[in-house]
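Next come the chains, spelled out residue by residue.
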Amino acid sequence: IYAKANDMTYLVEELSLFAKMEQSRLHYDLIPINLSDYFTDCMEDLSLDLQSYGMTLSMFNSTPPDTKVMADPEKLKRVIFNIVNNAEKYMDHSPSTLHVIEPALPPDEFIRIRIEDEGPGIAAASLPYIFQQFYRADASRTSSTGGSGLGLSIVEQIISAHGGKVWAESVEGVGTSIIFTLKKAKNTDLS
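Let me sum up the structure you'll find in this document. Just so you know, these numbers come straight off a predicted model, no measurement behind them.

**A word on the overall build of the protein chain**
In step 1: Counting its regular elements, the protein chain contains four helices and seven strands.
In step 2: Expressed as a percentage of the 191 residues in the protein chain, the buried residues total 42%.
In step 3: Considering only contacts in the protein chain between residues 6 or more positions apart, those separated by 24 or more positions represent 73%.
In step 4: Carbon together with sulfur atoms contributes 54% to the accessible area of the protein chain, which is approximately 10,400 Å² in total.

What follows is the structure in structure tokens.
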């Protein structure tokens, strides 16, 4: 009963958030945040939960330590949580590792962030649809296995509202990467 109540609470929160996005009623407070510090904090928050599933997180950051992006910290946390939560649900072996990689993109105004897993991967035929609402790449998944079918759709909408893009790369039997971009904070944003 407790698990079902938690699942229902999560589903209601996801549907409420999605409805606000669809109606353009969600406010974004974009501020400069230090990329490395922010992701270090997020990794610490997520690590304990993932350890109980036999998963670990690793982070590689090739950006300078003072790199800042324009983001709404709470909404960005939702993006990271949804991506990691989605990966955790699909992992089919243990121990597993999620990797967070933050390389800079050649055009200096964006930072690219990649979250990759060692899960079963997504079939090439399903890949173009995974950001659509209620789409499930694995048709055998039901509400009993968790998820609302809105997680990656919410990710796409939040990243779009930040002025970035999100996409996926996957190889069946190897894993999946969700990659998104965020605008780098300019000097004028920092004052």
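Still more ground to cover, so stick around.
**Quick notes on the packing of aromatic side chains**
In step 1: Across all of its chains, the model carries one aromatic pair by this definition.
In step 2: Ring centres of Tyr38 and Phe39 lie 6.0 Å apart, and the angle between their planes is 80°; this geometry places the pair in the edge-to-face category.
In step 3: Classification of Tyr38 by relative accessible area gives buried; the value is 13%.
In step 4: One residue, Lys75, lies across the ring of Tyr28, its end atom 5.5 Å from the ring centre.

**Considerations on the nonpolar core**
In step 1: With 39 residues, the main nonpolar core has Phe39, Leu76, Ile80 and Phe180 as its most contacted residues.
In step 2: If one sorts the elements of this core by residue count, helix α2 (residues 35–51) sits on top with seven residues.
In step 3: Once residues within four sequence positions are removed from consideration, Leu76 is found in contact with Ile33, Tyr38, Ala71, Phe180 and Leu182.

**Comments concerning the packing of helix α3 (residues 73–90) against helix α4 (residues 151–161)**
Geometry of a packed helix pair, given as the angle between the helix axes and the separation of the axes.
In step 1: One can describe the packing of α3 onto α4 by two numbers: an axis separation of 9 Å at closest approach and a directional angle of 150°. Judged by the inter-axis angle, α3 sits roughly antiparallel to α4. The chirality of how α3 crosses α4 is left-handed. Residue-level inspection shows Lys75, Arg78, Val79, Asn82, Ile83 and Asn86 of α3 in contact with α4, the latter providing Gly151, Leu152, Ile154, Val155, Ile158 and Ile159.
In step 2: Grouping the amino acids of the contact of α3 with α4 by side-chain chemistry returns seven nonpolar, three polar and two charged.

**Overview of α2**
In step 1: Across its 17 residues, α2 extends 24 Å between first and last C-alpha, which sits within 8% of the 24 Å expected from 1.5 Å per residue.
In step 2: Of all the bends found along α2, the most pronounced is centred on Asp45 and spans about 25°.
In step 3: Buried residues of α2: Leu35, Ser36, Tyr38, Phe39, Cys42, Met43, Leu46 and Leu50, and no others.
In step 4: The backbone nitrogen of Ser36 lies 3.1 Å from a side-chain oxygen of the residue at the head of α2, namely Asn34.

**Looking at the pairing of strand β7 (residues 175–183)**
Side chains on a regular strand alternate between the two faces of the sheet.
In step 1: Of all nine residues that make up β7, eight are buried, and the element is covered over most of its length.
In step 2: Direction of pairing for strand β5 (residues 110–116) relative to β7: antiparallel, over a ladder of seven bridges. Residue pairing in the sheet places Glu116 in a bridge with Ser177 of β7.
In step 3: Summarising the sheet, strand β6 (residues 166–171) and β7 pair through six bridges and their orientation is antiparallel.

**As for the side chain of Asn82**
In step 1: Examined against the element boundaries, Asn82 turns out to sit in helix α3.
In step 2: One polar contact links the side chain of Asn82 to the main-chain carbonyl oxygen of Gly151, over a distance of 3.1 Å.

**Overview of the side chain of Asn34**
In step 1: Mapped onto the elements of the fold, Asn34 is located in strand β1 (residues 31–34).
In step 2: A distance of 3.1 Å separates a polar atom in the side chain of Asn34 from the backbone nitrogen of Ser36.
In step 3: The residues contacting Asn34, other than those within four sequence positions of it, are Pro65, Asp66, Thr67 and Lys68.

**Focus: the environment of Ile178**
In step 1: Note that Ile178 resides in strand β7.
In step 2: Relative accessible area serves as the criterion here: at 7%, Ile178 is assigned to the buried category.
In step 3: Each C-alpha atom of the pair Ile178 and Val84 lies 9.6 Å from the other, and the pair is 94 residues apart in sequence.
In step 4: Sequence-distant contacts of Ile178, defined by excluding residues within four places in its chain, comprise Ile83, Ile113, Arg114, Ile115, Ile130, Phe131, Val166, Trp167 and Ala168.

Definitions and limits used
Residues numbered from 1 in each chain as written. Predicted model: local features only at pLDDT ≥ 70, side-chain atom pairs only at ≥ 80, totals over all residues. Heavy atoms only, no water. Helix = DSSP H or I, 4+ residues; strand = E, 2+ residues; numbered from the N terminus. Buried < 20%, exposed > 50% of the residue type's maximum accessible area, 1.4 Å probe, protein only. Contact = heavy atoms within 4.5 Å. Areas by Shrake-Rupley, 256 points an atom, 1.4 Å probe, with all protein chains shown as cover. Phe/Tyr/Trp six-rings, centres within 6.5 Å; stacked < 30°, edge-to-face > 60°. Lys NZ or Arg CZ within 6 Å of the ring centre and 35° of its normal. Core = buried A, V, L, I, M, F, W, Y, C linked by side-chain atoms within 4.5 Å. Axes fitted to C-alpha atoms, helices over the stretch in contact; angles between N-to-C directions. Parallel < 35°, antiparallel > 145°, perpendicular 65-115°, else oblique. Left-handed = near helix turned anticlockwise from the far one by under 90°. Nonpolar A, V, L, I, M, F, W, Y, C, P; charged D, E, K, R; others polar. Expected span 1.5 Å × (residues − 1). Bend = angle between axes of the 7 residues up to and from the residue. Polar contact = N/O pair within 3.5 Å; in protein donor to acceptor, adjacent residues only side chain to side chain. Pairing = 2+ DSSP bridges.

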